[in-house]
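# Residue-level structural notes
One-letter residues, chain by chain:
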Amino acid sequence: MKMKTAMKMALGSFAVCFALGALAADPAISDVTVRQRWPWSRLVDIDYVLSGATQNVDIAVSGFNGANPLSLTEFSLTGDRYGVSDGAHRIVWDPTVTVCTNMGVLGQFNVVLTATPVPVYMIVDLTKSAGADGQIEYIYPGDTRLETYGRFTNVWFGVTNDAVYATDKLVLRRVHAGTFKMGDSVPPTISTTLTKDFYAGVFEVTQRQWELITGEKPSYFNNSTYYATRPVEQRSYDDVRGATNSSPVVDWPGTGVAVLPSSFVGLLRAKTGLADFDLPTEAQWECLCRAGTTTVFNDGDASANVSGANANTNAWLDALGRYKFDGGYLADGVTAPAQNCAPTNGTAAVGSYQANAWGLYDTHGNVWEWCLDWYAGSLAGGSDPSGADSGSSRVVRGGSWNNTASYCRSAYRG
């Protein structure tokens, strides 16, 4: 989270958005087999073969006991379901986290698998419970809401026109797997590969979204008139995921994707049935911030810099995010705003500034954003880096409303 820190949510181990063209031909799913693991396991392996997919697809799973439909929530399914290419694959269903556990033996359990186009956006309704009708909506390539021009491809700019998408709903865009360069040199030089697609929150998590999930309003800039669309702040990494001294212990990367059930992410997973919600790794964060750029900021302007006076006030950053000299502080750049100020000072309402090429907002300034990783002195690069094995503090990225411009560049690490 930012300000003293907010967050941009990531969804996935296919991390936290893909843009795909229309499929040239319908892919085929064959050789579907369903087997319960044995002995002493309730897990069910669903094996299948995908063929004829000219582009990666997602796999929708419908479950039945005979002809009677079953509720197979997102939370209960893992394995090869997203961004799948041709070949043999496996999905694992865990009935112990569904209502099916209370139904006795499912003697005629069977599934129907359907290959679907890869969405550009996913919209999660936070006012609804896991599995409710309309809880999750997808936006696919070709949707009239998407715009392509200049450096923007399939971007939904209209997401900023209705506050519901920053309050009652959580909007995420899918980010492609691939190789990019990260690091503080311009252009960056540390080659990094992300092997799985992921969904990234279009906005920083807002105070209203936090309230819907936790029932709490912890932020400093919590004026009742303006709080809902401002980013949540004043929340620790431990509040978001859990801590090394919590029970159970939560310690990325040692304990992997496990989180404290009572943490924000734990409650969000339970609320939505989406078990992959998490913070992004530091590598994922820099990838989603840069959106294909190698410049100081993510507008791709090679002339932008944070040298000399530009390290403080910065004309390039003025268009991209809230920082100390474009409204974070009062006009003199010295006076801090009052707690009950409107979002013209302090934190801005999310989406108030220019998006990057992938339609993601506020990766420069507004509030610091937590990453999964322990802070290390240098970046490792390589394939799917997960940061240091241990440390004394976690990584934050992006800068804040009360920072100067140099802290808000794509590569700055805190």
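Presented here is a report on the structure given in the accompanying data block.

Conventions used here
- In every chain, residue numbers begin from 1 and rise along the written sequence.
- Given that the model is predicted, a residue must reach a pLDDT of at least 70 before its local features are reported, and side-chain atom pairs must reach 80 or more before they are shown or counted; all residues, however, enter totals for whole chains, interfaces and linings.
- Remark: hydrogens and water are excluded; side-chain values derive from all non-hydrogen atoms of the structure.
- A pair of aromatic rings is counted whenever rings of Phe, Tyr or Trp (Trp by its six-membered ring) have centres within 6.5 Å, and the orientation is called stacked for planes under 30 degrees apart, edge-to-face for over 60 and tilted otherwise.
- Partly exposed describes any residue whose relative accessible area lies between the buried limit of under 20% and the exposed limit of over 50%, with all areas from a 1.4 Å probe on protein chains only and scaled to the type maximum.
- Elements are defined by DSSP. Helices are runs of H or I of four residues or more, strands are runs of E of two residues or more, and each kind is numbered from the N terminus.
- The criterion for a charge sitting over a ring is simple: Lys NZ or Arg CZ within 6 Å of the ring centre, and within 35 degrees of the ring normal.
- Following DSSP output, two strands are said to pair if at least two bridges run between them.
- Axis definition: a line fitted to C-alpha atoms, over the contacting stretch in the case of helices. Angles run 0 to 180 degrees between N-to-C directions.
- Between Lys or Arg on one side and Asp or Glu on the other, a salt bridge is scored when a side-chain nitrogen of the former is within 4 Å of a carboxyl oxygen of the latter.
- Here a cavity means grid points, on a 1 Å grid over the protein atoms only, where a 1.4 Å probe fits yet cannot get out; a pocket means an open set of points with protein on both sides within 12 Å along at least five of seven lines; lining residues are those with an atom within 4 Å of a point.
- Grid points are joined across faces, edges and corners, and a volume is the space filled by probe spheres set on the points.
- Each residue gets one of three labels, nonpolar for Ala, Val, Leu, Ile, Met, Phe, Trp, Tyr, Cys and Pro, charged for Asp, Glu, Lys and Arg, and polar for the others, Gly among them.

Quick look at the packing of aromatic side chains now. The final tally for this structure, using the stated rule, is 17 aromatic pairs. Pairing W156 with Y165 gives two aromatic rings, centres 4.9 Å apart and planes at 75 degrees, and the pair type is edge-to-face. Here W156 and Y165 have matching classes, each one buried. Both rings, one in W368 and one in Y412, keep their centres 5.9 Å apart while their planes meet at 45 degrees; by these two values the pair is tilted. On the criterion of sequence distance, the pair formed by W368 in the loop between α5 (315–318) and β18 (369–374) and Y412 in the segment after β20 (394–397) is long-range, its members being 44 residues apart. The class for W368 is buried, based on a relative accessible area of 10%. Among the aromatic side chains, those forming a connected cluster through ring pairs are Y220, F221, Y329 and W401. Sitting over the ring of Y329, K324 keeps its end group 4.8 Å from the ring centre.

Further remarks concern helix α4 (residues 282–290). Most of α4 is tucked away, with nine of its nine residues classed as buried. Taken as a whole, α4 has its buried residues at E282, A283, Q284, W285, E286, C287, L288, C289 and R290. Of the residues trailing α4, A291 is marked for its positive phi of about 50 degrees.

Strand order in the open sheet formed by four strands is β2-β3-β7-β6, with antiparallel pairing between adjacent strands. Across the chains shown, the open sheet's two edge strands, defined by having one partner strand only, are β2 (28–36) and β6 (77–79). For this sheet, the mean angle separating the axes of adjacent strands, direction not counted, is 25 degrees. Direction of pairing for strand β3 (residues 44–51) relative to strand β7 (residues 87–93): antiparallel, over a ladder of seven bridges.

Once that is clear, we can look at the environment of V265. Within the secondary structure, V265 sits in helix α3 (residues 264–272). Residue V265 is classed as buried on the basis of its relative accessible area, which comes to 0%. Residues V265 and H89, spaced 176 residues apart in sequence, show a C-alpha to C-alpha distance of 28 Å.

Residues F198 and A200 point to one face of strand β16 (residues 198–201) and Y199 and G201 to the other, with burial holding for every one of them. The sheet contact formed by strand β13 (residues 169–175) and β16 spans four bridges and is antiparallel. The residue bridging R174 from the neighbouring strand is Y199, located in β16.

Time to look at the pattern of salt bridges. Across all of its chains, the model carries 17 salt bridges by this definition. Two residues, R208 and D168, come together in a salt bridge whose shortest N-O distance is 3.9 Å. On the criterion of sequence distance, the pair formed by R208 in helix α1 (residues 207–214) and D168 in the loop between β12 (152–155) and β13 is long-range, its members being 40 residues apart. On the basis of relative accessibility, which here comes to 24%, the residue R208 falls in the partly exposed class. D168 gets classed as partly exposed once you look at its relative accessible area, which sits at 25%. Measuring nitrogen to oxygen at the nearest pair gives 3.3 Å for the salt bridge that ties R269 to D278. Note on accessibility: R269 and D278 belong to one class, buried. Through salt bridges with shared partners, one network takes in E282, E286, R290, R397 and R413.

When its volume is computed, the largest pocket comes out at roughly 620 Å³. Surrounding the largest pocket, 28 residues form its lining, V61, L72, E74, R81 and Y138 being those nearest its centre. Secondary-structure elements contributing two or more residues to the lining of the largest pocket are β4 (58–65), β5 (68–70) and β10 (136–139). Considered class by class, the residues forming the lining of the largest pocket number 15 nonpolar, nine polar and four charged.

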